[in-house]
Amino acid sequence: MTIYKAPLREYRFVLQELFDAGELATLPGYEEATPDLLQSVLEEGGKLCEEVLFPLNRSGDEEGCTFENGVVRTPKGFPEAYKLFREGGWTSLACDPEYGGQGLPHTLQFFVEEMVSSANMSFGMYPGLSSGCYSAIHRHGTAAQKRKFLPHLVDGTWSGTMCLTEPQCGTDLGQIRTKAEPSGKDGVYRITGTKIFISAGEHDLTDNIVHLVLARIVGGPAGIRGISLFIVPKFLVKEDGTVGPRNGVRCGSIEHKMGIKASSTCVINFEDAEGYLIGEAHKGMRAMFTMMNAARLGVGLQGLALGETAYQTARQYALDRLQGRSLKGDKFPDKPADPIIVHPDVRRMLLTMKAYTEGARALAGWVSLALDRAERHADPEAREEAEDFIGLMTPIIKAMLTDNAFAATNLGVQIFGGHGYIREWGMEQLVRDSRITMLYEGANGIQALDLVGRKLPMHNGRLLRRFFHPVDAWLKAHADKPELQEFVSPVMKAFARLQQVTALVAQKGMVDPDEAGAAATEYLRAFGLVAIGFLWARVAELALKKTNGEEPLFYKGKLATARFYMARVLPETNALFANIAAGAKSLMELEAEAF
Ligand SMILES: Cc1cc2nc3c(=O)[nH]c(=O)nc-3n(C[C@H](O)[C@H](O)[C@H](O)COP(=O)(O)OP(=O)(O)OC[C@H]3O[C@@H](n4cnc5c(N)ncnc54)[C@H](O)[C@@H]3O)c2cc1C
């Protein structure tokens, strides 16, 4: 069986040592969110994840969701666990107190989401989708829509979805065919069409489901500019706010899929369903982007989460499993063999997992603090700066953390040898569950295009400067410290190359868009590796001061992993930079018929 213990010490490190989460309590409205409060909420959340959600992870995978006569049932134990989750206030953490929320920082929500997904990613999909739905209505809904829907999403008695995908369109949402006809009542439309792959589209956890549906108002412009966003509840809502008659929304079937089997993935048919326009007509993508951006960060966290569970389990296995002897002679002569952790190759795999996961958490912490600043800071310039940084980092969090999660969970299987391939250990489930994170919420290739095509040129490179400037300043300030040379020097070199290829990609991309497209995925990865390398250098600076103090093993672990990152992870950028420089020609010259 897999192992999961909430990484509370890691949270304390990221929030109180690497970054100063004390800053949160200085933001208007967050006065009570002191580091101690955050840590104690994380402790409570950790208990729920370890004791309630984690035990259902394997059984949920074995049993999956079932579909009969239009009704979807989640696996045994899920409804009871969801009730505990909801009653414990875990659906309302970062929500607006005006609608019953607790008004706590996004940073806290971020790491609670990580723990939930580590314990049971399928379970986390249900509140995860609701949270994105909440954000879109909160940001773009009318006062009446907010009053009607938000309190139920906040207390978790209703859940949410995002309905974008149709059979003929996933990435290319301009092809949406679901139509919206004005009903004659202001803002009320009749929605008809079929959506596929809708997570949490139907289930037995809540009294109502609030679908956010992208549809085209009849007669509206073709393509992406004619798409509008609608709230379409499963049950209509009566004047007094209670659940009324069934709306024209039915689940047609559920998908049988590779992983996250306890998360229902539904075909949802809308037949003349009552829907309410949210935001402006034909500007639905803008409103939906609020939800998608939140969801993209959430998916990145799912990646981090699965990497953590895989690492914890593989570490224990590597300490316990006795096979072969150390190349330098017996380490444990009294045992029939040495534990596999003595072998350099097993260490390579474990350290890669540790470097990816802890590096990802540091990056997530950096971005989550910016989310809170963007929402709450009193100074508009500070808010703008934080928003720019989040915009730049969102595709990196989504793609880099999920690519690394797949690699890490796969390494986890490798550490288990053949036992990793056998179901009972649970390691293969982590690989299967993690695979979707690279695909949904915009496949990772699309994230790379977002970074190169939208985020780099945005505001004449202003977003990019929000990353380049602080990194440059820190590196320069630490360049002369001899004890940091082994960390600062490789990051400085990779950072300088990143700046050069950024100019190259921008320049070549302006002449030939295929050049930007050809470089995008490798550029995003190189960017992510440098960003995380910068954070590992900062971690090393802290750890160097503490390896002789309390908790020496914790800080030695940090220092050794920072060294491993510089020696064996960051050099991957050399190959990536070479690939980027090679350009589009070798990809594009072969005509499609010749493949
Ligand atoms: C388990 C699961 C849950 C999901 N949950 C939801 C949900 O809740 N709501 C929802 O609306 N959808 C959901 N989806 C759908 C998911 O978001 C889409 O599958 C995804 O956006 C990709 O769309 P597609 O599958 O049609 O692939 P396609 O768009 O057909 O893409 C196929 C491949 O081509 C590449 N590609 C496509 N266009 C371009 C381009 N312009 N440039 C470069 N490469 C390109 C893609 O990167 C990808 O590798 C879910 C899917 C799954 C499997």
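Residues numbered from 1 in each chain as written. Predicted model: local features only at pLDDT ≥ 70, side-chain atom pairs only at ≥ 80, totals over all residues. Heavy atoms only, no water.

Asks: Mind showing me how you'd approach the overall build of the protein here?
Replies: For the protein, the helix and strand inventory stands at 18 helices and 11 strands. A compact globule built from 595 residues would reach a C-alpha radius of gyration of about 25 Å, and the protein, at 24 Å, matches this within 12%. Counting only C-alpha atoms and orienting by the principal axes, one finds that the protein spans roughly 80 × 60 × 60 Å. Within the protein, buried positions represent 57% of all 595 residues. For the protein, contacts bridging at least 24 residues in sequence account for 73% of all contacts bridging at least 6. By element, 54% of the accessible surface of the protein is carried by carbon and sulfur atoms, the whole surface being about 24,600 Å². (Helix = DSSP H or I, 4+ residues; strand = E, 2+ residues; numbered from the N terminus. Rg over C-alpha atoms; globule rule 2.2 N^0.38 Å. Buried < 20%, exposed > 50% of the residue type's maximum accessible area, 1.4 Å probe, protein only. Contact = heavy atoms within 4.5 Å. Areas by Shrake-Rupley, 256 points an atom, 1.4 Å probe, with all protein chains shown as cover.)

Asks: Just checking my understanding: could you explain helix α11 (residues 427-435) for this structure?
Replies: For an α-helix, the turn length of 3.6 residues means that residues three or four places apart are oriented alike. Burial within α11 is extensive, with 8 of its 9 residues counted as buried. When we look at burial in α11, the residues that qualify are Met-427, Glu-428, Gln-429, Leu-430, Val-431, Arg-432, Asp-433 and Ser-434. If you follow the buried residues of α11, they end up packed against α3 (55-63), α5 (106-140), α7 (284-320), α9 (380-415) and α10 (418-421).

Asks: What is the right way to look at the nonpolar core in this model?
Replies: A general tendency of soluble globular proteins is for nonpolar side chains to be buried together. Within the largest apolar cluster, 136 residues are counted, with the highest numbers of intra-cluster contacts made by Leu-363, Trp-366, Met-393, Phe-467, Tyr-523 and Phe-527. It is helix α15 (residues 513-544) that contributes the most residues to this core, 19 residues altogether. For Phe-467, the contacting residues outside a window of four places in its chain are Trp-366, Phe-389, Leu-392, Met-393, Phe-495, Leu-498, Phe-527 and Ala-531. Ranked by size, the runner-up nonpolar core spans 59 residues in total, among them Tyr-99, Ile-278, Ile-415 and Phe-416. (Core = buried A, V, L, I, M, F, W, Y, C linked by side-chain atoms within 4.5 Å.)

Asks: Even after reading the chapter, I still don't get the pattern of salt bridges, so can you show me in this structure?
Replies: Two side chains that carry opposite charge are able to pair once their charged atoms sit near each other. Scanning the model with the defined rule gives 39 salt bridges in all. Note that Glu-23 and Arg-373 form a salt bridge whose closest N and O atoms lie 2.5 Å from each other. Taken together, the positions of Glu-23 in the loop between α1 (8-18) and α2 (35-53) and Arg-373 in helix α8 (residues 344-376) put the pair 350 residues apart, joining distant regions of the chain. Residue classification places Glu-23 among the partly exposed positions, given a relative accessible area of 22%. The shortest N-O distance in the salt bridge between Glu-384 and Arg-462 comes to 3.8 Å. Here Glu-384, found in helix α9, pairs with Arg-462, found in helix α13 (residues 462-478); they are 78 residues apart in sequence, far enough to count as distant. Under the relative-accessibility criterion, Glu-384 is labelled partly exposed at 34%. (Salt bridge = Lys/Arg side-chain N within 4 Å of Asp/Glu carboxyl O.)

Asks: Help me out: how do you make sense of unusual backbone geometry in this one?
Replies: What is expected of a backbone is that most residues other than glycine have negative phi and most peptide bonds are trans. In this structure, Ile-260 is a non-glycine residue whose phi angle is positive, near 30 degrees. Inspection of the secondary structure puts Ile-260 in the loop between β10 (249-254) and β11 (265-278). When its relative accessible area of 3% is taken as the criterion, Ile-260 is described as buried. A positive phi angle, near 70 degrees, is found at His-282, a position not held by glycine. One can find His-282 in the loop between β11 and α7. Here His-282 falls in the partly exposed class, since its relative accessible area comes to 30%.

Asks: Looking at this structure, I do not really get the site of the ligand. What am I missing?
Replies: Residues in contact with the ligand amount to 18 residues; listed here are only the nearest, Met-162, Thr-165, Thr-171, Phe-197 and Ser-199. Within the side chain of Thr-165, a nitrogen or oxygen atom sits 2.7 Å from a nitrogen atom of the ligand. Between the ligand and the protein, one listed contact pairs a nitrogen atom with a side-chain N or O atom of Ser-199 at 2.8 Å. For the ligand, the protein covers 60% of the area, taking 970 Å² as the surface of the free molecule. For the shell around the ligand, the elements supplying multiple residues, two or more each, are β3 (158-163), β5 (188-199) and α12 (444-455). The element that contributes the greatest number of residues to the shell around the ligand is β5, accounting for 3 residues. Grouping the amino acids of the shell around the ligand by side-chain chemistry returns 11 nonpolar, 5 polar and 2 charged. (Near = heavy atom within 4 Å. Polar contact = N/O pair within 3.5 Å; in protein donor to acceptor, adjacent residues only side chain to side chain. Nonpolar A, V, L, I, M, F, W, Y, C, P; charged D, E, K, R; others polar.)

Asks: Just to check I follow, could you spell out the layout of surface pockets for this structure?
Replies: If you roll a probe as big as a water molecule over the atoms, it shows you where there is empty space left. Roughly 390 Å³ of volume is contained in the second largest pocket. If you trace the second largest pocket, you find 17 residues lining it, with Glu-10, Arg-315, Lys-354, Glu-358 and Phe-554 closest to the centre. It is helix α16 (residues 552-569) that provides the largest number of residues to the lining of the second largest pocket, a total of 5 residues. Taken together, the residues that form the lining of the second largest pocket break down as 5 nonpolar, 2 polar and 10 charged. (1 Å grid on protein atoms, 1.4 Å probe; cavity = no way out; pocket = protein on both sides within 12 Å on 5 of 7 lines; lining within 4 Å. Points joined across faces, edges and corners; volume = space filled by probe spheres on them.)

Asks: For this particular structure, what's the right way to read the packing of aromatic side chains?
Replies: Each pair of aromatic rings is reported with the distance of its centres and the angle of its planes. Using the criterion set out here, one finds 24 aromatic pairs in the structure. Where Phe-85 meets Phe-123, the ring centres are 5.3 Å apart and the plane angle is 70 degrees; that geometry is what we call edge-to-face. Of this pair, Phe-85 sits in helix α4 (residues 78-87) while Phe-123 sits in helix α5; the two residues are 38 residues apart in sequence, bridging distant segments of the chain. Here Phe-85 matches Phe-123 in class, with each residue buried. Members of the aromatic cluster, connected to one another through ring pairs, are Trp-366, Phe-389, Phe-467, Phe-468, Trp-474, Phe-495, Tyr-523, Phe-527 and Phe-534. The ring of Phe-289 carries Arg-454 above its face, with NZ or CZ at 5.6 Å from the centroid. It is Lys-558 that lies over the ring of Phe-13; its NZ or CZ is 4.8 Å from the centre. (Phe/Tyr/Trp six-rings, centres within 6.5 Å; stacked < 30°, edge-to-face > 60°. Lys NZ or Arg CZ within 6 Å of the ring centre and 35° of its normal.)

Asks: Got a minute to help me understand the pairing of β11 in this structure?
Replies: Regular strands show a simple pattern: their side chains alternate between the two faces of the sheet. Across the 14 residues of β11, 12 count as buried, placing the element largely inside the fold. Two elements, β5 and β11, share 9 bridges in a ladder whose sense is antiparallel. Note on β11: the bridge partner recorded for Lys-195 is Ile-268. Here strand β7 (residues 227-233) runs beside β11; their pairing, made up of 3 bridges, is antiparallel. (Pairing = 2+ DSSP bridges.)

Asks: Teacher, can you tell me more about the side chain of Lys-354 here?
Replies: Within the secondary structure layout, Lys-354 lies in helix α8. Once residues within four sequence positions are removed from consideration, Lys-354 is found in contact with Tyr-311, Gly-359, Trp-536, Gly-557 and Thr-561.

Asks: Any chance you could explain the packing of α8 against α9 here in plain terms?
Replies: Helix-helix packing: each pair is described by the crossing angle between the helix axes and the interaxial distance. Where α8 contacts α9, the two axes come as close as 8 Å, and the packing angle between them is 160 degrees. By the criterion of interaxial angle, the relationship of α8 to α9 is roughly antiparallel. Seen along the crossing, α8 lies across α9 with a hand that is left-handed. By residue class, the composition of the contact of α8 with α9 is 24 nonpolar, 4 polar and 4 charged. (Axes fitted to C-alpha atoms, helices over the stretch in contact; angles between N-to-C directions. Parallel < 35°, antiparallel > 145°, perpendicular 65-115°, else oblique. Left-handed = near helix turned anticlockwise from the far one by under 90°.)

Asks: When you look at empty space enclosed by the protein in this model, what are you seeing that I'm missing?
Replies: The final tally for this structure, using the stated rule, is 3 cavities of 30 Å³ or more. In this model, the largest cavity occupies a volume close to 60 Å³. Taken together, Glu-10, Phe-13, Val-14, Leu-18, Glu-358, Gly-359, Ala-362, Trp-536, Val-539 and Lys-558 form the lining of the largest cavity. Sorting the residues of the lining of the largest cavity by element identifies α1, α8 and α15 as the ones contributing at least two each. Sort the elements by how many residues they give to the lining of the largest cavity and α1 lands first, with 4 residues. For the lining of the largest cavity, the per-class residue count stands at 6 nonpolar, 1 polar and 3 charged.

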